[in-house]
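Listed here are the chains, written in short residue letters.
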Amino acid sequence: MSARLDPHVLVDWFARNGRDLPWRRPETTAWGVLVSEIMLQQTPVSRVEPVWLAWMASWPRPSDLAAATQGEVLRAWGRLGYPRRALRLHEAATAIATEHGDVVPSDVDTLLALPGIGAYTARAVAAFAYGRRCPVVDTNVRRVVARAVHGAGDAGPAGGGRDLADVEALLPEDEATAARFSAALMELGQLVCTARSPRCAACPVIGACAWQHAGRPAYDGPAKPVQRYAGTDRYVRGLLLEVLRGTTEPVPKTRLDAVWSDGGQRDRCLDSLLVDGLVEQTADGRFALPGEH
DNA sequence: AAGCCGTGGGA
DNA sequence: TTCCCAAGGCT
């Protein structure tokens, strides 16, 4: 029989072992929290940190970002990846500035209506910026719950309301404690209950872990699809955007043609970048980041 | 609702 | 080297 997972044990562990990340400092605004959450989507902390600091210095309020051009925003995004996030954040900033008095909404449904903000990010902002009591479910939390609660080796495919309900059931009643508990669950998944080689010996809730009690069985769910990168459209789009990030002057198509030999794929990617609004064509037929010419 | 959307680092 | 994966969202 395993002990029930005690929220206070996790919260205490977090207080002692949680990292001192810049967006966790008490003076960080809700806007700062939102920017961090968008940047952290599928992107490690170490790569986000310097970019987040630069963004906060340049654009301390939503209206500051809204006043920048898309090109400036994309250049400042740098190599964080998935640059459509930057465009959506710019859109969200505009909506916050014009429709919400330059104040990041605290309500989950209002946050969900903003571009680029989905089920995870909306609740993360509500909880971490405003101390709201709501389940915050990311890949770390799904893994921790799969193991500690369900005794599985890893989380299966995301989807359904299953994970949200699982975490809701674990959430302490007290609002402030609930928010810290959510941060603690995520931190545990990132520092201890990791995908590969979990450090169970250092786990504060090992006594309450169903996976541990079950003898740490291997993951037996459906195989996770592997994402290729080299040579894919994503890769070629990255090459094209890298050229445009490096110049302020629009470039002729010949300059873009030089980065990838397969002309068919190259043109398809350039077209998709134009459709996505990540690239613009000037009146004289050259190409540039959007909003600057 | 699977598949797409960038990039870099660690094992 | 190759493979996996990292605070998801959108269509």
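A quick note: this is a predicted structure, and the numbers were derived from the prediction, not measured.

### Description of the overall build of chain A
Scanning chain A from terminus to terminus reveals 15 helices and two strands. Projected onto the principal axes, the alpha-carbon positions of chain A cover approximately 75 × 45 × 30 Å. Across the 293 residues that make up chain A, the buried fraction comes to 44%. Summarising the internal contacts of chain A: among those between residues at least 6 apart in sequence, 64% fall at separations of at least 24. Taken as a whole, chain A presents about 14500 Å² of accessible surface, with 53% of it coming from carbon and sulfur.

### Observations regarding the protein's contact with DNA strand C
DNA strand C sits among 28 residues. The nearest are Glu 37, Leu 40, Thr 121, Asn 140 and Gln 190. Backbone sugar and phosphate groups make up 64% of those atoms of DNA strand C lying within 4 Å of the protein. The backbone of Gly 118 places a nitrogen or oxygen atom 2.9 Å from a phosphate oxygen of DNA strand C. At 2.9 Å from a sugar or linking oxygen of DNA strand C is found a side-chain nitrogen or oxygen belonging to Asp 138. At the level of secondary structure, the elements contributing two or more residues to the surface near DNA strand C comprise α6 (84–99), α8 (119–130), α9 (139–148) and α11 (175–191). Grouping the amino acids of the surface near DNA strand C by side-chain chemistry returns 11 nonpolar, eight polar and nine charged.

### Some words on unusual backbone geometry
Residues other than glycine seldom take positive phi values, yet Ser 197 does so here, at roughly 45°. Mapped onto the secondary structure, Ser 197 falls in the loop between α11 and α12 (210–213). Positive phi, close to 50°, is recorded for Arg 216, a residue that is not glycine. Counting through the fold element by element, Arg 216 comes out in the loop between α12 and α13 (233–245).

### Here we look at the protein's contact with DNA strand B
Residues in close proximity to DNA strand B total 17 residues, the closest being Arg 79, Pro 83, Gln 227, Tyr 229 and Arg 237. Sugar and phosphate atoms constitute 58% of the interface atoms of DNA strand B, taking the interface as everything within 4 Å of the protein. Here a phosphate oxygen of DNA strand B and a side-chain polar atom of Arg 79 are 2.3 Å apart. Per-element tally for the surface near DNA strand B: the top contributor is α13, with five residues. Here the residues of the surface near DNA strand B sort into four nonpolar, five polar and eight charged.

### Some thoughts on the UniProt feature "domain: HhH-GPD" (unreviewed entry) in chain A
Taking the numbering used here, the UniProt-annotated feature "domain: HhH-GPD" (unreviewed entry) corresponds to residues 39–191. Secondary structure across residues 39–191 divides into 63% helix and 0% strand, with the first and last C-alpha atoms of the span separated by 19 Å.

### A closer look at the packing of aromatic side chains
Tallying each qualifying case throughout the model produces five aromatic pairs. Look at Trp 55 and Trp 77: their rings are 5.7 Å apart centre to centre, the planes differ by 70°, and that puts the pair in the edge-to-face class. Of this pair, Trp 55 sits in helix α3 (residues 45–58) while Trp 77 sits in helix α5 (residues 70–77); the two residues are 22 residues apart in sequence, bridging distant segments of the chain. Counting every residue linked through ring pairs, the aromatic cluster contains Trp 55, Trp 59 and Trp 77. Sitting over the ring of Trp 211, Arg 147 keeps its end group 4.7 Å from the ring centre.

### Details of α13
With 13 residues, α13 extends 18 Å from end C-alpha to end C-alpha; this agrees with the ideal 18 Å at 1.5 Å per step. Listed in full, the buried residues belonging to α13 are Val 236, Arg 237, Leu 239, Leu 240, Leu 241, Val 243 and Leu 244. Next to the buried residues of α13 lie α5, α6, α14 (253–257), α15 (263–276) and β2 (287–288).

### A word on the side chain of Arg 123
In this fold, Arg 123 is placed in helix α8. Here Arg 123 occupies a buried position and makes no salt bridge, while the nearest side chain of opposite charge, Asp 109, is found at 6.2 Å. Residue contacts for Arg 123: discarding those within four places in its chain leaves Val 108, Cys 134, Pro 135, Val 136 and Leu 164.

### Re the domain arrangement of chain A
Segmenting chain A into domains produces domain 1 (1–17 + 132–225), domain 2 (18–130) and domain 3 (233–288). When each unit is reduced to the centre of its C-alpha atoms, the spacing between domain 1 and domain 3 is 43 Å.

### Overview of the side chain of Thr 282
Its location among the elements puts Thr 282 in the loop between β1 (280–281) and β2. On the accessibility criterion, Thr 282 (18% relative accessible area) is buried. Ignoring any residue separated from it by four or fewer positions in sequence, one finds Thr 282 in contact with Pro 250 and His 293.

### Looking at the packing of helix α2 (residues 30–39) against α8
It is the contact of α2 with α8, at a shortest axis distance of 9 Å, that shows an interaxial angle of 145°. As for the relative orientation of α2 and α8, their crossing is right-handed in sense. For the pair α2 and α8, the contacting residues are Ala 30, Val 33, Leu 34, Glu 37 and Ile 38 in the first and Tyr 120, Thr 121, Ala 124, Val 125, Phe 128, Ala 129 and Tyr 130 in the second. Here the residues of the contact of α2 with α8 are counted per class, giving 10 nonpolar, one polar and one charged.

Parameters at a glance
- Residues numbered from 1 in each chain as written.
- Chains lettered and ligands numbered in written order.
- Predicted model: local features only at pLDDT ≥ 70, side-chain atom pairs only at ≥ 80, totals over all residues.
- Heavy atoms only, no water.
- Helix = DSSP H or I, 4+ residues; strand = E, 2+ residues; numbered from the N terminus.
- Buried < 20%, exposed > 50% of the residue type's maximum accessible area, 1.4 Å probe, protein only.
- Contact = heavy atoms within 4.5 Å.
- Areas by Shrake-Rupley, 256 points an atom, 1.4 Å probe, with all protein chains shown as cover.
- Near = heavy atom within 4 Å.
- Polar contact = N/O pair within 3.5 Å; in protein donor to acceptor, adjacent residues only side chain to side chain.
- Nonpolar A, V, L, I, M, F, W, Y, C, P; charged D, E, K, R; others polar.
- UniProt positions renumbered as here; feature names shortened; annotations may be inferred.
- Phe/Tyr/Trp six-rings, centres within 6.5 Å; stacked < 30°, edge-to-face > 60°.
- Lys NZ or Arg CZ within 6 Å of the ring centre and 35° of its normal.
- Expected span 1.5 Å × (residues − 1).
- Lys, Arg positive; Asp, Glu negative; His and termini not counted.
- Salt bridge = Lys/Arg side-chain N within 4 Å of Asp/Glu carboxyl O.
- Domains from an automatic or database assignment.
- Axes fitted to C-alpha atoms, helices over the stretch in contact; angles between N-to-C directions.
- Left-handed = near helix turned anticlockwise from the far one by under 90°.

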